[in-house]
Amino acid sequence: MRIVVTGAAGFLGSHLCDALHLAGHEIVAMDNLSTGRWDNLPARPGLTRLTVDVANPIYVEGKVDRIFHFASPASPRDFARVPVAVAAANSLGAWNALHLAKEKGARIVMASTSEVYGDPLVSPQPESYWGNTNPVGPRSCYDESKRFSEALTRAFALQYGSDAGIVRIFNTYGPRMRRDDGRAVPTFLDHALRREPIPVQGDGLQTRSFAYVADVVAGVIALMESGYASPLNLGNDEEVTILELAEAVIQATGSESPIVHVPAAPDDPRQRKPDLTLARRLLGYEPRIGLREGLAATLSQREGQLAS
Ligand SMILES: NC(=O)c1ccc[n+]([C@@H]2O[C@H](COP(=O)([O-])OP(=O)(O)OC[C@H]3O[C@@H](n4cnc5c(N)ncnc54)[C@H](O)[C@@H]3O)[C@@H](O)[C@H]2O)c1
């Protein structure tokens, strides 16, 4: 198949392109390099790399069978730095990706997020939970534009019969995350490797469920091929506190870094755990890589980066 991936030079997008390319598909990779790098996705036959901003109308010559819309900065640091670009990627970008899918008769999967659940009042979070978000908070450029992208995807399906899926991805980590990304796993690994104190926000008792990138990529591809049209959670339902994550990182790196507490981020969700019942039933999805194994795999890349 001929497959368009937006956000292809980023963390998730580049792993997704690698998996699709390995399966023998031709890839049209789009990215504006705002948070990604083409180094993540080296040139090769069967891969076309286009440096474009998908908030502007996008054109592709020839047939397109599938579109994955993954373009969007995704870390709280980016939400503070470039909130308008974040909102644009998930509104105008989603609009353009959906129009391209409509024009080409392609199935599209929209990358949404567990952030649509906000600071959830229900745990674990099933797809049927509507969420608890702040429309004008520090994360709203992301949460609310992702919610809009879901609504727009549903509108295209209703009005034009578009073949579209929505994946709500929970915290995912792995090689190629930026060291200065601001998300917990790369930040903790980076500090541990530098033997610097590990900054845990607030009391550290807030929870997250961390999924290794290979598990999520496999689930995203399975969702694409399933034809499923409603939102679907993907991630890992092994829930840990942020303090437990810091301890796991210390163990994985053999670091002697102490843990220090820093002020909690405003609107930081207290808990986050996917209900994966639907993904298991629909796709036979099962996260296979636990935190210890996943951290070790991520670490091997981190050490390479630090040495360079
Ligand atoms: N990693 C996670 O834990 C996670 C969780 C939930 C959802 N997601 C979603 O998955 C997608 C990828 O996230 P990631 O973690 O790989 O982040 P990332 O920052 O590594 O990748 C995002 C990519 O999109 C590109 N991009 C941003 N705006 C663009 C635009 N307007 N036009 C073209 N390219 C643009 C960036 O340059 C980057 O390469 C995002 O949509 C994100 O919201 C990720």
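It should be noted that the structure appears before, not after, this text.
What counts and what doesn't
- The written sequence of each chain sets the order in which its residues are numbered from 1.
- Where local features are concerned, this predicted model is filtered to residues with pLDDT of at least 70; where side-chain atom pairs are given and counted, the filter is 80 or more; whole-chain, interface and lining totals use all residues.
- Excluding hydrogens and water, the side-chain figures rest on all heavy atoms present in the structure.
- Each residue is placed in one exposure class: buried if its accessible area under a 1.4 Å probe, protein chains only, is under 20% of its type's maximum, exposed if it is over 50%, and partly exposed if it falls in between.
- Helix and strand labels come from DSSP, where a helix needs a run of H or I of at least four residues and a strand needs a run of E of at least two; each type is numbered from the N terminus.
- A molecule or strand has a residue near it when one of that residue's heavy atoms lies within 4 Å.
- We call two N or O atoms a polar contact when they sit within 3.5 Å, provided that within protein one can donate a hydrogen and the other can accept it, with sequence-adjacent residues counted only if both atoms are side-chain atoms.
- Method for areas: the Shrake-Rupley scheme with a 1.4 Å probe, in which residue coverage is limited to the protein chains shown.
- When residues are sorted by character, Ala, Val, Leu, Ile, Met, Phe, Trp, Tyr, Cys and Pro go into the nonpolar class, Asp, Glu, Lys and Arg into the charged class, and all the rest, Gly among them, into the polar class.
- The definitions used throughout rest on a 1 Å grid laid over the protein atoms alone, on which a cavity is an enclosed set of points accommodating a 1.4 Å probe that cannot get out and a pocket is an open set flanked by protein within 12 Å on both sides along at least five of seven lines; lining residues are those having an atom within 4 Å of a point.
- Grid points are joined across faces, edges and corners, and a volume is the space filled by probe spheres set on the points.
- Look down the strands so they point away from you; if the path from the first strand over the helix to the second goes clockwise, the crossover is right-handed.
- For two strands to pair, DSSP has to find at least two bridges joining them.
- Only Phe, Tyr and Trp rings are paired, with Trp represented by its six-membered ring, and only when their centres lie within 6.5 Å; those with planes under 30 degrees apart are stacked, over 60 edge-to-face, the remainder tilted.

Take helix H5 (residues 184-193) next. Extensive coverage of H5 is indicated by the burial of 8 of its 10 residues. For H5, every residue scored as buried is listed here: Val 185, Pro 186, Thr 187, Phe 188, Leu 189, Asp 190, Ala 192 and Leu 193. Two residues or fewer after H5 comes Arg 195, characterised by a positive phi angle close to 60 degrees.

Here we take up the site of the ligand. Neighbouring residues of the ligand: 29 residues in total, closest Leu 12, Asp 31, Thr 35, Asp 53 and Tyr 142. At 3.1 Å from a nitrogen atom of the ligand is found a main-chain nitrogen or oxygen belonging to Asn 32. Phe 70 is positioned with one of its backbone polar atoms (N or O) 3.2 Å from an oxygen atom of the ligand. Here the ligand loses 97% of its free accessible area of 820 Å² to cover by the protein chains. Elements represented by at least two residues in the shell around the ligand include exactly helix H1 (11-22), strand S5 (107-113) and helix H4 (140-160). Here the shell around the ligand takes 3 residues from S5, the largest share from any one element. Looking at the shell around the ligand residue by residue, the class counts come to 14 nonpolar, 11 polar and 4 charged.

If you add up the space inside the second largest pocket, you get close to 160 Å³. Lining the second largest pocket are Val 116, Tyr 117, Glu 127, Tyr 129, Trp 130, Arg 147, Glu 150, Ala 151 and Arg 168. Top element by residues in the lining of the second largest pocket is H4. It accounts for 3 residues.

Take unusual backbone geometry next. Between Ser 123 and Pro 124 the backbone carries a cis peptide bond, its omega angle lying at -5 degrees. Inspection of the secondary structure puts Pro 124 in the loop between S5 and H4.

The element strand S6 (residues 164-169) is extensively covered by neighbouring structure, given that 6 of its 6 residues are classed as buried. On S6, burial covers both faces: Ala 164, Ile 166 and Arg 168 on one face and Gly 165, Val 167 and Ile 169 on the other are all buried. With H4 bridging S5 and the parallel S6, this β-α-β connection has right-handed handedness. As paired elements, S6 and strand S11 (residues 231-234) share 4 bridges and run parallel to each other. Across the sheet, Arg 168 pairs through a bridge with Asn 233, a residue of S11.

Right, let's talk about the packing of aromatic side chains for a bit. This model, assessed by the stated rule, comprises 8 aromatic pairs. Their ring planes at 70 degrees and their centres at 5.2 Å tell us that Phe 156 and Tyr 160 sit as a pair that is edge-to-face. Residue Phe 156 and its partner Tyr 160 are located together in helix H4, separated by 4 residues, close to a single helical turn. Looking at Tyr 160, the relative accessible area reads 41%, which means it is partly exposed.

So, to be careful, I would describe these as geometric facts and stop short of saying anything about function.
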